[in-house]
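# Structural description and commentary
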Amino acid sequence: MQPVATIGAASSPEAVLAVGDLGFDYLVHSTLVGVSIQNAASEGSATLGSPATISIPGYSIPINPLQLGGITNNIDDGDARIGAMVYRVGNVIYATHGTQINGRAAIQWFKLDGQTMNLIDMGMITDPALGLFYPSIAANGDGTVALAFNASSATTTASSYAVLGEPANGTLSFGNLVLLKAGVAAYRTNEDDSRWGDYSAITVDPGNPTHFWALTMYPSSKTAWSTQITELIAAPLVLSISGATTNILLSWPAAAGGYQLQSTPKLSSPNWTQVTTQALTPTNNQYVVSLSVMNGAQFFRLSK
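This report concerns the structure included in the present document. (Residues numbered from 1 in each chain as written. Predicted model: local features only at pLDDT ≥ 70, side-chain atom pairs only at ≥ 80, totals over all residues. Heavy atoms only, no water.)

What follows is about the packing of aromatic side chains. In total, this model carries 6 aromatic pairs according to the counting rule given. Judged by centre distance (5.4 Å) and plane angle (55°), the ring pair of Trp109 and Phe174 falls under tilted. Placement of Trp109 in strand β9 (residues 104-113) and of Phe174 in strand β14 (residues 171-174) is noted, with a sequence separation of 65 residues between them. Residue Trp109 is classed as buried on the basis of its relative accessible area, which comes to 4%. We note Lys181 situated over the ring of Tyr218; from NZ or CZ to the ring centre the distance is 5.2 Å. (Phe/Tyr/Trp six-rings, centres within 6.5 Å; stacked < 30°, edge-to-face > 60°. Helix = DSSP H or I, 4+ residues; strand = E, 2+ residues; numbered from the N terminus. Buried < 20%, exposed > 50% of the residue type's maximum accessible area, 1.4 Å probe, protein only. Lys NZ or Arg CZ within 6 Å of the ring centre and 35° of its normal.)

What follows is the structure, given as structure tokens:
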């Protein structure tokens, strides 16, 4: 079980969270277990309440990923348990764990209602080449979510990565994987599959909630690992508009890659069209699009 760490005030009892099965039977499982903590305010009187079963999409034990130079000695990425702290921001709980998608280790994440333990949203983080393992998750009050984890493949040593997600159209939308630290060598132990982990960690900077701090492992030699500490800056996704003579300028943070600028003449029955198909080059960490002033109203948005 993992404790649910609350940022801000909780309007209902604190909780702990676990997967329903570690997955050693190699079958698909589809439950989490949430337990509320009772009488937490009374010293020495805290107890665990009745377990609540939470139905989720199926997961299974993550397959051991390949590593560059591994051949017969790959990475043991553990099981399907929640291996890092669970975050609660207000009444939303964020959690993550390892699973398997299409024969490759992957990451499953969840958003739960902190009062009812009902599933709000969930998704998978996958890569067409990399196996992803040992994830951790954190979120801030704006709904920005950051995950830190390891990844490897037959052409990549075990390395440290992160990915950022923003609320978009009522759900979390994640960007591309960001390399934090490349592994130096193929990690080897005396086991058939070299045991890795069992952890990563990520947390919100208490002084600036748009900054996250990630702690991840990477192999610093064939027989040793080191810890990488990384500051991640998640710029708020704000679309700005300003005038410039006969043009208007629309801009948004370059850190928010993968978004399309769209427009529509009305919101009552919008027909959103892409404004530009040109590849944008950041200027001073901003994407900027200049448009001629149009007759009539135009509404703009960023979409993914």
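And the narrative resumes.
Our next topic: the sheet that holds strand β17 (residues 201-204). Judged by pairing direction, the sheet is antiparallel, and its 3 strands sit side by side in the order β17-β18-β19 without closing on themselves. Sheet topology places β17 and β19 (225-233) at the edges, where each strand pairs with a single neighbour. Sheet twist, expressed as the average angle between the axes of neighbouring strands with direction ignored, equals 20°. Where β17 lies against strand β18 (residues 211-219), 4 bridges are found, and the strand directions are antiparallel. (Pairing = 2+ DSSP bridges. Axes fitted to C-alpha atoms, helices over the stretch in contact; angles between N-to-C directions.)

A separate point is a nonpolar patch on the surface. A contiguous nonpolar patch, built from Trp213, Leu215 and Ile229 and spanning about 260 Å² of accessible area, is present on the exposed surface. For Trp213, the position within the fold is in strand β18. (Patch = residues over 30% accessible without salt bridge, like charges linked within 9 Å, V, L, I, M, F, W, Y side chains within 5 Å. Areas by Shrake-Rupley, 256 points an atom, 1.4 Å probe, with all protein chains shown as cover. Salt bridge = Lys/Arg side-chain N within 4 Å of Asp/Glu carboxyl O.)

On to the nonpolar core, then. In this structure, Val145, Leu147, Phe174, Ile202 and Phe212 are the most contacted members of the largest nonpolar core, which totals 29 residues. Among the secondary structure elements, those contributing two or more residues to this core are β7 (86-89), β9, β11 (131-139), β12 (145-153), β13 (156-168), β14, β17 and β18. With 6 residues, β12 is the single largest residue contributor to this core. Counting 16 residues, the second largest nonpolar core, distinct from the first, contains Leu32, Ala80, Val86 and Met117. (Core = buried A, V, L, I, M, F, W, Y, C linked by side-chain atoms within 4.5 Å.)

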